[in-house]
Amino acid sequence: MDYTGDPAGAHAYLDAATAAPLHPVAREALLAALSDGWADPAKLYAAGRRAQQLRDAATAVVAEILGVRPDELTFWPSGTAAAQAAILGGLGGRKRAGRTLVHSAIEHSAVLHAARTADAVEVGVDRLGRLDLDAWADAVQAGGVALASLIGASHEVGTVQPVSAAAGFCADAGVPLFVDAAQIVGRAPIPSGWSLLSASAHKWGGPPGVGVLVVRKGVRWLSPYPSDDLHRPGNPGALALPEVVAAAASLRAVVSEAQAEAARLSPLVDRIRERVAATVPDVEIVGDPVDRLPHLVTFSCLYVDGEALLHALDRHGFAVSSGSSCTSSTLRPSHVLEAMGVLSHGNVRVSLHRDTSEADVERFLAVLPELVAGIRKEAGI
Amino acid sequence: MIRLAKAMPQAEIGEIVRVLADDPAAAGDIPAWCRMKGQEFVAADGHAYDVRKIT
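- Where an unreviewed UniProt entry is consulted, chain B appears under the name tRNA 2-thiouridine synthesizing protein A, with the organism given as Actinoplanes italicus.

- Taking an unreviewed UniProt entry as the reference, chain A is identified by name as Cysteine desulfurase belonging to Actinoplanes italicus.
- Quoted straight from UniProt, the Cofactor (unreviewed entry) entry for chain A says "pyridoxal 5'-phosphate".
- In the Catalytic activity (unreviewed entry) part of its UniProt record, chain A is described as follows: "(sulfur carrier)-H + L-cysteine = (sulfur carrier)-SH + L-alanine".

Structure follows, in structure tokens:
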């Protein structure tokens, strides 16, 4: 194969929910901070003080956007690390209350893996992927619940969850609520009522390798990891400060654009939902059509292998994700699609971002029906 | 799923078609197929799934 020099994703990258392309502000801030913020912020000499200044400023920016105090917020090496620290530390801090973790059936797999360390109680969702609030209320009010976990909006189908209502039941039961806000921060309003929250910079256009964890004042959280010499709650070891600075700068830029971007992308998502349903036979458009993230849409095609469709789209320059079995690291279909009771094969998740143009979407919609038809024809349908 | 779709035209209305599938996706996808195609999902027993033709 000849090297063409085309950067990855140059055609139409439609997988922002996995990793949004780096925001230009993040790139500028990262380059500046690489020269300026490489020293250890714990040291007392000038370069250390400069690094500390940068860290404190980045913390203050993200805290203000999330509506929390700077000392409630820590940075982690990824969204996964932050979410797992929330679960493990939240359970550890409430050992005396019990060892049950109540969680929705559609949490991110990072949360589900952490849930295996506890007595996990799973609460289901309806066909649109919305939490069963009655079952949630019963589950959090049962005895021995240490922590509850609810994803803010589904990363796979986009359905926004009733976080404030779920938080109300948790408050009545005296159970802290953790919200995985990876798909919300920078795109949609932050819900209220939670005790712990995590986010991930590369979902909003910051660099990869930065997770955010918020633990509200008064919430008991015990680090699940050995401490370091600083004896501060948080991720042990050195902070990726240049990336953190870039994450904070890009979040500020992204939040200032968020309303306009949502107003631009949401109608494009509506267009995909309507056009795919009209032009692809035997297709199921998944997730809540209204109460959803502005940039994400998922659909499943009968008699189509998800992996084959992914490769066919890739050959035409489209990067998308899939919840079908054999399309990621697992041989099982997505637990989110399973929990919703919707078709899991032939699944495609399209997620848009600030560089996605209307022309990209139109080209995708023009190409998709023939690709699906081609795969079905090969299978003899 | 494809074999289920191909078997369906040969079945009479009211007849049950049994699908044998060891793919873990089948447990969700066969009921979803029934819903999309207006057929009745009867029951699952291990790797066996019963579908009644109703249209």
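Next comes the rest of the write-up.
Concerning the packing of helix α5 (residues 133-141) of chain A against helix α6 (residues 163-173) of chain A
All names here are of chain A.
Here comes step 1: Relative to each other, α5 and α6 sit at 20°, their axes nearing to 9 Å. Taken together, the axis directions place α5 and α6 in an arrangement best described as roughly parallel. Crossing geometry of α5 relative to α6 is assigned as right-handed. Where α5 approaches α6, its residues Leu133, Trp136, Ala137, Val140 and Gln141 are matched on the opposing element by Ala165, Ala166, Phe169, Cys170 and Ala173.
Here comes step 2: Among the residues making up the contact of α5 with α6, the classes are represented as nine nonpolar, one polar and no charged.

Section: the pattern of salt bridges
Here comes step 1: Tallying each qualifying case throughout the model produces 21 salt bridges over all chains.
Here comes step 2: Across the pair A:Arg271 and A:Glu358 runs a salt bridge whose closest N-O atoms are separated by 2.8 Å. Here A:Glu358 lies in helix α11 (residues 358-378) and A:Arg271 lies in helix α8 (residues 241-279), a separation of 87 residues in the sequence.
Here comes step 3: Judged by relative accessible area, which is 24%, A:Arg271 ranks as partly exposed.
Here comes step 4: A:Glu358 gets classed as partly exposed once you look at its relative accessible area, which sits at 45%.
Here comes step 5: A salt bridge links A:Asp282 to B:Lys37, with the nearest nitrogen and oxygen atoms 2.8 Å apart. Taken as a pair, A:Asp282 in the loop between α8 and β9 (283-286) and B:Lys37 in helix α2 (residues 26-37) lie in two separate chains rather than in one.
Here comes step 6: Overall, the relative accessible area of 28% leaves A:Asp282 in the partly exposed class.
Here comes step 7: Given a relative accessible area of 31%, B:Lys37 falls into the partly exposed group.
Here comes step 8: Counted as one network, the salt bridges with shared partners bring together A:Arg271, A:Arg275, A:Glu358 and A:Glu362.

Some thoughts on the state of the cysteines
Here comes step 1: Per the counting criterion, the structure on display carries zero disulfides over all chains.
Here comes step 2: Cysteine B:Cys34 remains unbridged, with the sulfur of A:Cys301 as its closest cysteine sulfur at 18 Å.
Here comes step 3: Since its relative accessible area comes to 1%, B:Cys34 is described here as buried.

With respect to the UniProt feature "domain: UPF0033" (unreviewed entry) in chain B
Here comes step 1: Under the feature "domain: UPF0033" (unreviewed entry), the UniProt entry names residues 2-46 of chain B.
Here comes step 2: End-to-end, the C-alpha atoms of residues 2-46 of chain B are 20 Å apart, and along that stretch the chain is 40% helix and 24% strand.

Overview of the interface of chain A and chain B
Here comes step 1: Contacts between the two partners involve 19 residues from chain A, matched on the other side by 13 residues from chain B.
Here comes step 2: Summing both partners gives a buried area of about 1300 Å² for chain A against chain B, and 58% of it is carried by carbon and sulfur.
Here comes step 3: With its nearest N and O atoms 2.7 Å apart, the salt bridge here joins B:Arg35 to A:Glu284.
Here comes step 4: At the surface where chain A touches chain B, the tally comes to seven residue pairs in polar contact (both at pLDDT 80 or more).

With respect to the sheet that holds strand β10 (residues 296-301) of chain A
Residue and element names in this part refer to chain A.
Here comes step 1: Taken in spatial order, the three strands of this open sheet run β9-β10-β12, and their pairing is antiparallel. Looking at the sheet topology across the chains shown, the edges are occupied by β9 and β12 (347-351). For this sheet, the mean angle separating the axes of adjacent strands, direction not counted, is 20°.
Here comes step 2: Across five bridges, β10 lies against β12 in antiparallel orientation. In the sheet register, leucine 296 faces β12, and the bridge partner there is serine 351.

So, the domain arrangement of chain A
Residues and elements named next belong to chain A.
Here comes step 1: Domain boundaries in chain A define domain 1 (12-21 + 258-379) and domain 2 (24-253).
Here comes step 2: In this structure, domain 1 and domain 2 have C-alpha centres spaced 27 Å apart.
Here comes step 3: On the side of domain 2, 28 residues touch domain 1, which itself brings 32 residues to the contact.
Here comes step 4: When domain 1 packs against domain 2, close to 2300 Å² is buried across both sides, 54% of that on carbon and sulfur atoms.
Here comes step 5: Considering only the surface of domain 1 that becomes buried against domain 2, Leu293, His335 and Met340 emerge as the three largest contributors, covering 24% of it.

What counts and what doesn't
Residues numbered from 1 in each chain as written. Chains lettered and ligands numbered in written order. Predicted model: local features only at pLDDT ≥ 70, side-chain atom pairs only at ≥ 80, totals over all residues. Heavy atoms only, no water. UniProt positions renumbered as here; feature names shortened; annotations may be inferred. Axes fitted to C-alpha atoms, helices over the stretch in contact; angles between N-to-C directions. Helix = DSSP H or I, 4+ residues; strand = E, 2+ residues; numbered from the N terminus. Parallel < 35°, antiparallel > 145°, perpendicular 65-115°, else oblique. Left-handed = near helix turned anticlockwise from the far one by under 90°. Contact = heavy atoms within 4.5 Å. Nonpolar A, V, L, I, M, F, W, Y, C, P; charged D, E, K, R; others polar. Salt bridge = Lys/Arg side-chain N within 4 Å of Asp/Glu carboxyl O. Buried < 20%, exposed > 50% of the residue type's maximum accessible area, 1.4 Å probe, protein only. Disulfide = S-S within 2.5 Å. Buried area = accessible area lost by both parts, 1.4 Å probe. Polar contact = N/O pair within 3.5 Å; in protein donor to acceptor, adjacent residues only side chain to side chain. Pairing = 2+ DSSP bridges. Domains from an automatic or database assignment.

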